[in-house]
Amino acid sequence: MRDGLSQPPYIGRFAPSPTGPLHAGSLVAALASWLDARAHGGQWLVRIEDVDTPRCVPGAADTILQQLASCGLLPDAPAVYQSQRGALYQQALDQLTRAGLAYPCGCTRQDIASALAIKGHARERHGELIYPGTCRAGLRGKPARAWRFLTLQTGQSTKVSWTDRRLGLQTQNVSEQVGDFVLRRADGLWAYQLAVVVDDAAQGVTDVVRGEDLADNTARQILLQRALGLPTPRYLHTPLVLGANGEKLSKQNGAQALLLSDPLAVLAALNTAATCLHLPAASGTLTEALAQWVKQWAAPMGTKIPR
Ligand code: GLU
């Protein structure tokens, strides 16, 4: 409460994809989101993002929950699983379709490449072709494969600006830089963008704290929030831990599952994560270390993590 105005209570979350156990990089996002929730006297939720079933590893969700518990990062409610929330995503897709903001797309990858070649500009982004909008005007007899979000609303390009608590002002022209993105994939699976927006709103999330590699998705998520009439949370994107090849640490470039076999190993892993967040190394018991970091995070400069 400030100036007598009621503010929504703080609700934060950690939303891992169960593609493997937590590693040093994912622990940074988990610790930062937990610290931010605790420093705000808020709630901290865990959501298992298991929509991309082919990439999920059996048992990984349980392992992640156990690893978080070993680190003293305990959610305030039982974890929710996106694989059980398809009905909510369908409702959102129906709402967008009724509003003329989602449309079925019958294009294969090859169709997209050919359409772009004819236009003379195959625009790529992160190895993905930017969709040229072929099915905006209808399927023309092709069977529907994926569902896409219409980013060119009223024919205007869609420039989204938002302020990240660490990275500052960010701007992305979604229709030009990303294009009409997928909401439901050709294989029937729900796309991350739709699931994350629906769930953050359904869970009342006020603050998204996650790794910087995800910052680039935020403009798309804000567009979806606006289209669905949902509030936009605050965003804080945390520094990435880099692998030996200078890229974001991942299983592909050598991330090891965290070693959390005894209290010393747990504290060592958390100290490494804390250092990445520009917090001083802590000693003592796990409880003491976490309490120390919450206090530092809550201090006025606490979340001023350098870029
Ligand atoms: N499930 C995503 C990941 O593990 C994170 C999504 C998010 O925090 O918005 O990369």
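Here's a quick rundown of the structure. This is a predicted model, so every value here is computed, not measured.

**Examining the packing of helix H1 (residues 24-39) against helix H8 (residues 263-276)**
Between two packed helices, the angle of one axis relative to the other and the distance separating the axes together describe the packing.
Here's step 1: For the pair H1 and H8, the least separation of the axes is 9 Å and the interaxial angle reads 75°. By the criterion of interaxial angle, the relationship of H1 to H8 is roughly perpendicular. Along the contact surface, H1 presents Leu27, Val28 and Leu31, while H8 presents Ala269, Leu270, Ala273, Ala274 and Cys276.
Here's step 2: In terms of residue class, the contact of H1 with H8 is built from eight nonpolar, no polar and no charged.

**A short note on the site of the ligand**
Here's step 1: The environment of the ligand is made up of Arg13, Ala15, Pro16, Ser17, Glu49, Tyr192, Val196, Arg210 and Leu214.
Here's step 2: At 2.9 Å from a nitrogen atom of the ligand is found a side-chain nitrogen or oxygen belonging to Ser17.
Here's step 3: Side-chain polar atom of Tyr192 to an oxygen atom of the ligand: 2.9 Å apart, as the coordinates give it.
Here's step 4: When isolated, the ligand has an accessible area of 300 Å², and the protein chains bury 81% of it.
Here's step 5: By residue class, the composition of the shell around the ligand is five nonpolar, one polar and three charged.

**Side note on the packing of aromatic side chains**
Here's step 1: Tallying each qualifying case throughout the model produces three aromatic pairs.
Here's step 2: Seen from their ring centres, Tyr89 and Trp190 are 6.0 Å apart, and the 65° between their planes marks the pair as edge-to-face. Linking Tyr89 in helix H3 (residues 86-98) with Trp190 in the loop between strand E10 (182-184) and helix H6 (192-202), this pair joins segments that are 101 residues apart in sequence.
Here's step 3: For Trp190, a relative accessible area of 10% corresponds to the buried category.
Here's step 4: Between the aromatic rings of Trp162 and Tyr235, the centroid separation amounts to 5.8 Å while the plane-to-plane angle is 65°, which identifies the pairing as edge-to-face. Taken together, the positions of Trp162 in strand E8 (residues 159-164) and Tyr235 in strand E12 (residues 234-238) put the pair 73 residues apart, joining distant regions of the chain. For the residue pair Trp162 and Tyr235, the accessibility class agrees, reading buried in each case.
Here's step 5: Its guanidinium or amino end placed over the ring of Tyr131, Arg148 lies 3.7 Å from that ring's centre, counting from NZ or CZ.
Here's step 6: Of note, Arg184 hangs over the ring of Trp190, and the distance from its end group to the ring centre comes to 4.1 Å.

**Some remarks on the nonpolar core**
When a protein is soluble and globular, its nonpolar side chains tend to lie buried together.
Here's step 1: Membership of the largest hydrophobic core comes to 40 residues, with the highest contact counts inside it found for Leu27, Leu31, Leu68, Leu73 and Trp293.
Here's step 2: When residues of this core are traced back to their parent elements, those giving at least two are H1, strand E2 (43-48), helix H2 (60-70), H8 and helix H9 (286-298).
Here's step 3: Top contributing element to this core by residue count: H1, with nine residues.
Here's step 4: Trp162, Val174, Leu183 and Ile222 belong to the second-largest nonpolar core, a separate cluster that totals 32 residues.

**Considering the state of the cysteines**
Here's step 1: All told, the structure shown has zero disulfides when counted by the stated rule.
Here's step 2: This cysteine, Cys105, is not joined by any disulfide, and Cys107 carries the nearest cysteine sulfur, 4.0 Å off.
Here's step 3: Cys107 carries a free sulfur, and the closest cysteine sulfur to it, the one in Cys135, is 3.7 Å from it.

**Thoughts on the sheet that holds strand E7 (residues 146-149)**
Here's step 1: The three strands are arranged E4-E7-E10 in an open sheet whose pairing can be described as antiparallel. Two strands bound the open sheet, and with one partner strand each, they are strand E4 (102-105) and E10. On average, each strand axis in the sheet is tilted by 40° relative to the strand beside it, whichever way the strands run.
Here's step 2: Where E4 and E7 come together, four bridges link them in antiparallel fashion.

About the thresholds
Residues numbered from 1 in each chain as written. Predicted model: local features only at pLDDT ≥ 70, side-chain atom pairs only at ≥ 80, totals over all residues. Heavy atoms only, no water. Axes fitted to C-alpha atoms, helices over the stretch in contact; angles between N-to-C directions. Helix = DSSP H or I, 4+ residues; strand = E, 2+ residues; numbered from the N terminus. Parallel < 35°, antiparallel > 145°, perpendicular 65-115°, else oblique. Contact = heavy atoms within 4.5 Å. Nonpolar A, V, L, I, M, F, W, Y, C, P; charged D, E, K, R; others polar. Near = heavy atom within 4 Å. Polar contact = N/O pair within 3.5 Å; in protein donor to acceptor, adjacent residues only side chain to side chain. Areas by Shrake-Rupley, 256 points an atom, 1.4 Å probe, with all protein chains shown as cover. Phe/Tyr/Trp six-rings, centres within 6.5 Å; stacked < 30°, edge-to-face > 60°. Buried < 20%, exposed > 50% of the residue type's maximum accessible area, 1.4 Å probe, protein only. Lys NZ or Arg CZ within 6 Å of the ring centre and 35° of its normal. Core = buried A, V, L, I, M, F, W, Y, C linked by side-chain atoms within 4.5 Å. Disulfide = S-S within 2.5 Å. Pairing = 2+ DSSP bridges.

Treat this as a map of the structure, not an account of what it does.
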